[in-house]
Structures are given as structure tokens and as C-alpha cells.
Amino acid sequence: MDKGWDITRFLIKQNDNSEDGFLKILDSKYIESGKAKRVNELLCGINSDGIKEVCDRKLMAKKQVYLAKRLENWTEQNFWNYILPHLETYKKAFQKAVELNHGIVFHFH
């Protein structure tokens, strides 16, 4: 994934409805397979509508989410055309880790 990774991760965490805020684990350098299963379960409950509901581009820029300041003035359509494919890639990556049942998901900065 390219620079849209940080924005997408931020929006996913904002959409986390788990009682323990489990998706903050996405800030970890790597996620072991057992925890990847829970991430996958939670990601299955997140869709583009939910992501759009929690999206606050000014907040992202204020919190210095990488690339958010540059995208702050993009049109809505351009912004979502850029971000939503990252959400799907994110979901596919964790689904694949669960299917393999012994994968580790790495997050490169």
C-alpha cells in the first residue's frame, strides 16, 4: 500500500466499535496470526459507509496523519476514489492472513 495506508488505518481505528478498542493494534509493527483473526473479524464489520461517517479530514490533518494535509482539499469523489481501494486491500490482507492461519501482518512505516 502506498501513502493512503495511514489515512485508511486512522479511519478504521475511528470506526472501531469493539469494547476494548482492539483495532489500535493496527499501530503495532507486526500482528501475529491469532490477533490477526480478531482484526479480520472487526474489519468485516467495517464498510465504506462507516468509514465515511467517521471521516473528518481536518481532524486527520490536525493529528498529522501522513498525507492527510495534502488530501484535505481534494474533492469528495477524488478522496474516496483514493481511500476506499485501500480499505479493500486492508481487508483482503487480513483475510489472507487468517486463511493461512500462521501469517504475521507487518506494518512498514
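None of the values given here were measured: they were computed from a predicted structure.

What follows deals with the side chain of Asn40. With respect to the element layout, Asn40 can be found in helix H2 (residues 33–44). On the basis of relative accessibility, which here comes to 12%, the residue Asn40 falls in the buried class. When neighbours within four sequence positions are excluded, Asn40 is seen to be in contact with Lys91, Phe94, Gln95 and Val98.

For the chain, per-residue confidence averages 87 on the pLDDT scale, and residues scoring 70 or more make up 92% of the total. The weakest mean pLDDT in the chain belongs to strand S2 (residues 105–106) at 70; the strongest belongs to helix H3 (residues 48–54) at 93.

Attention shifts here to the packing of H2 against helix H6 (residues 76–100). Orientation of H2 relative to H6, taken along the N-to-C sense of each, is 140°, at an axis distance of 9 Å. Judged on the interaxial angle alone, H6 and H2 are oblique. Handedness of the crossing formed by H2 with H6: left-handed. Residues Ala36, Lys37, Val39, Asn40, Leu43 and Cys44 of H2 lie in contact with H6, whose contacting residues are Tyr90, Lys91, Phe94, Gln95, Ala97 and Val98.

Each value, and the rule that gives it
Residue positions are counted from 1 within each chain, in the order its sequence is given. This being a predicted model, a pLDDT of at least 70 is required before a residue's local features are given, and a value of 80 or more before pairs of side-chain atoms are given or counted; all residues contribute to the totals for chains, interfaces and linings. Water and hydrogen atoms were dropped before computing side-chain values, which therefore reflect all heavy atoms in the structure. Only runs of H or I of at least four residues qualify as helices and only runs of E of at least two qualify as strands under DSSP, and these elements are numbered from the N terminus. Three exposure classes are used, based on accessible area relative to the maximum for each residue type with a 1.4 Å probe and protein chains only: buried under 20%, partly exposed in between, and exposed over 50%. Note on contacts: a residue pair qualifies if any of its non-hydrogen atoms lie within 4.5 Å across the two residues. Each residue carries a pLDDT score, the predictor's own confidence in it, on a scale running from 0 to 100. To obtain each axis, a line is fitted to C-alpha atoms, and for helices this fit is confined to the stretch in contact; angles are then taken between N-to-C directions over 0 to 180 degrees. The scheme is simple: roughly parallel for angles under 35 degrees, roughly antiparallel for over 145, roughly perpendicular for 65 to 115, oblique for anything else. Crossing handedness is read from the near helix: turned anticlockwise from the far helix by less than a right angle, it gives a left-handed crossing, and turned clockwise, a right-handed one.

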